[in-house]
Amino acid sequence: MAEKVMVKGNEAMGEAAVRAGCRLYFGYPITPQSELTEYMSRRLPEVEGTFLQSESEVAAVNMIYGAASTGTRVMTSTSSPGFSLMQEGISYIAGAELPSVFINVVRGGPGLGDIQPAQSDYFQGTKGGGHGDYHLIVLAPSSVQEAVDLVQLAFDLADKYRNPVLVLADGMLGQMMEPVEFPEFRDLNTLPDHSSWAMQGCEGREPHKITSFDIDPINLEKMNLGYQKKYREIEANEVRYETEMIEDAEYLLVGYGTMARILGTVVKMARNEGIKVGLFRPITLWPFPYKELESAAEGKKALLTVEMSMGQMVEDVRLAINGKMHVDFYGRTGGVVPTPEEVLRELKKIVERSE
Amino acid sequence: MFDSRISVFMGMFGSGKTEISLNVALELKEKFEHVALADIDVISSYFRSRDYISELERIGIRLIAPHGALMHADLPIITAAVYGYISNETYSLIIDVGGNDDGAVALGSLKVALDGKDVRTYFVLNPYRPFTDTIEKAVEHISRLSKVSRRKIDYLINNANLGNETTLENIRYGERFVSEVSKRINIPVLATVVADGICFNAEKFPVFKIKKFLKTPWDIR
């Protein structure tokens, strides 16, 4: 059966990683992403890969650090509290410039929170999370098929820029089932060659050094300037976003991930009632599509950002709009998912105010 | 079609047990006064029977699931009330089992209570799901889950689907697939499940029409 299959988001991201040539997974189960860990535990032995359940997320992230030092495709997946535990290691990995893929299937927070879907880890994913001046590339899928595609892209970007990449999903995307088509298996012999820097045995050559450390501040600053140069390059080349019906729109909704699916329904409902509204959906959360959103918002009467959080991405939306217009926000949090009806009500309030 | 006093729906993760259980409950409610649905799914955190408690109770179907805040937990809780409804002969009971081995273990714990009662156990198959996409895998999972759950499976149910993208050809492929599984393990096929909105007339097996309960937040209700 080469055609479509019916897959849960969590399973789909696991299979996508395997097909991208990932043969190493280290992780620890946590709801609502445990199916991904379970999937890899069954699937990796079938393709001569290695699955290892670590004793905690702290151990997992350091296993990723070690494996990534060899230039081999490696990943982990977790949910919010587990991703918090990984932050120290991620900062080290970013500093050591190691390609690796992380998946955070976000749940309600802060703290232990709950196991329902949320988007309240946006700051953590896009603004650091760990210590130091570093960035993850952050990709936000809104369907199971897109999750498959972005996991593939995540491995390619990680290799291209020697940088950790985060796929920021939410519990809904992890748990829901949709039909998907998987890409072909990547030939492992065609994966990027990292022999110029990776730890692959140094017989007959100078040893390579992989570290995020330099005791001399001048040298450490130099390393940092190198990271920044790379980040500017990523910002210039890797911005991704999508729009829906924005050309004739008087109002603009902004949302990412599964929230954008709900906003897609709101667009249809609102247009049935004669409200001309469009949707702007960032796919890369870092680099954020600042310029693209700025031009999409040009000439619109008002802009409403909706998130499953108390307002995190809305800060980037306001940076993009740069004070040129009022940016409204609506959010639910703690695992509560806004309904299309309640978002439509919010939109109507704004329409009334703006007419 | 589901004519025993107790109907048990088991299968692999995401095969459609909950969707079918909810629909069977609705159908039985038209014939019987007392109908209860026991959600003993101890592994799923989303898309469970218990999420439809108010809809079910409005039409008089008792939902047996962990109460109050515990209904949101992914904890291995089976309320003692399940035993009561198993022995209460005035109730038609549907048991919605969690998927995979962990779900089947929970069913196994009810063995003593279920033995000797008028029970039928159904195994739901969707050949478009990754763990049952070949005959060999399906046979292996059915045999293993039967052992783990300590239940003899009476019937197979063809639930071949690709969600909203299901075609008639998908359903026919499911019928051929489940027939082959049926031959290998000598368990008959009860029915083919067809979601509302799809026009499929009975071909190999009787058709069980279902209304879809499990929706994503962006589906217009």
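Here we summarise the structure given alongside this text. (Residues numbered from 1 in each chain as written. Chains lettered and ligands numbered in written order. Predicted model: local features only at pLDDT ≥ 70, side-chain atom pairs only at ≥ 80, totals over all residues. Heavy atoms only, no water.)

Examining the interface of chain B and chain A
Let me state the cut-off plainly: Contacts: residue pairs with any heavy atoms within 4.5 Å of one another. By buried area we mean the combined loss of accessible area, with a 1.4 Å probe, across both parts when two parts are placed together. Salt bridge, as used here, is a side-chain nitrogen of Lys or Arg placed within 4 Å of a carboxyl oxygen of Asp or Glu. Polar contact is defined as a pair of N or O atoms within 3.5 Å, subject to the rule that within protein one atom must be able to donate a hydrogen and the other to accept it, and that residues adjacent in sequence are counted only when both atoms are side-chain atoms.
The partner chain A presents 30 residues to the 27 residues of chain B that form the contact. Summed over the three residues of chain B that lose the most area to chain A, namely B:Tyr46, B:Pro217 and B:Trp218, the buried surface amounts to 30% of that side. Across the contact surface, chain B and chain A share two salt bridges. Viewed at the interface, chain A and chain B are joined by six residue pairs in polar contact (both at pLDDT 80 or more).

Comments concerning the sheet that holds strand E9 (residues 241-244) of chain A
Residues and elements named next belong to chain A. Selection criterion: Each pair of strands is called paired provided DSSP finds at least two bridges between the two strands. Here a strand is any run of E in DSSP of at least two residues, a helix any run of H or I of at least four, and the numbering for each starts at the N terminus. Lines are fitted to the C-alpha atoms to define the axes, a helix being fitted only along its stretch in contact, and any angle between axes, read from their N-to-C directions, falls within 0 to 180 degrees.
If you walk across this open sheet you meet the five strands as E9-E11-E10-E13-E14, and the pairing is mixed. Two strands close off the open sheet at either side, each with one partner strand: E9 and strand E14 (327-331). For this sheet the average axis-to-axis angle between neighbouring strands, irrespective of direction, equals 20°. Sheet topology note: the strand E10 (residues 251-254)/strand E13 (residues 302-307) ladder contains four bridges and is parallel. Counterpart to Tyr 251 in the pairing with E13 is Ala 302.

Digging into the environment of B:Ile157
Residue and element names in this part refer to chain B. Along the chain, Ile 157 turns up in strand E6 (residues 155-158). Ile 157 sits 138 residues away from Glu 19 along the chain, and the two C-alpha atoms are 13 Å apart. Sequence-distant contacts of Ile 157, that is, excluding residues within four places in its chain, are made with Phe 2, Phe 9, Ile 20, Tyr 122, Phe 123, Val 124, Leu 125, Leu 190, Ala 191 and Val 193.

Some remarks on the side chain of A:Asn10
Residue and element names in this part refer to chain A. Note on placement: Asn 10 falls in helix H1 (residues 9-19). At 2.7 Å, the side chain of Asn 10 and the side chain of Glu 35 are in polar contact. Discounting residues that sit within four places of it in the chain, Asn 10 has contacts with Pro 32, Gln 33, Glu 35, Leu 36, Val 105, Leu 173, Gly 174 and Gln 175.

Re the pattern of salt bridges
The condition that has to hold: Note on classification: 1.4 Å probe, protein chains only; a residue is buried when its accessible area is under 20% of the maximum for its type, exposed when over 50%, partly exposed between these limits.
Going through the model one piece at a time under the given rule, you end up with 42 salt bridges over all chains. One salt bridge in this structure joins B:Glu165 and A:Lys4, with 2.7 Å as the shortest N-O distance. Placement of B:Glu165 in the loop between E6 and helix H7 (168-185) and of A:Lys4 in the segment before strand E1 (5-8) is noted, with the two residues assigned to different chains. For B:Glu165, a relative accessible area of 39% gives the class partly exposed.

Focus on the side chain of A:Ser79
Take A:Ser79: it is sitting in the loop between strand E4 (74-78) and helix H4 (80-85). According to the relative accessible area criterion, A:Ser79 is buried, its value standing at 0%.

Considerations on the packing of aromatic side chains
Cut-off, in case you're wondering: Ring pairs are drawn from Phe, Tyr and Trp, using the six-membered ring of Trp, whenever the two centres fall within 6.5 Å, and their geometry is named by plane angle: stacked under 30 degrees, edge-to-face over 60, tilted for the rest. A ring has a charge above it when a Lys NZ or an Arg CZ is no more than 6 Å from the ring centre and no more than 35 degrees off the ring normal.
As enumerated under the stated definition, the model contains 17 aromatic pairs over all chains in all. Here the aromatic rings of A:Tyr241 and A:Phe280 are separated by 5.2 Å at their centres, their planes lie at 10°, and the arrangement is stacked. Pair noted here: A:Tyr241 is in strand E9 and A:Phe280 is in strand E11 (residues 277-282), with a separation of 39 residues, a long-range link. Among the aromatic side chains, those forming a connected cluster through ring pairs are B:Phe2, B:Phe9, B:Tyr122, B:Tyr155 and B:Phe208. The residue whose ring lies beneath A:Arg42 is B:Phe131, and the NZ or CZ to ring-centre distance is 4.3 Å. Between B:Lys211 and the ring centre of B:Phe213, over which it is positioned, the NZ or CZ distance is 4.5 Å.

Structural measurements only, silent on function.
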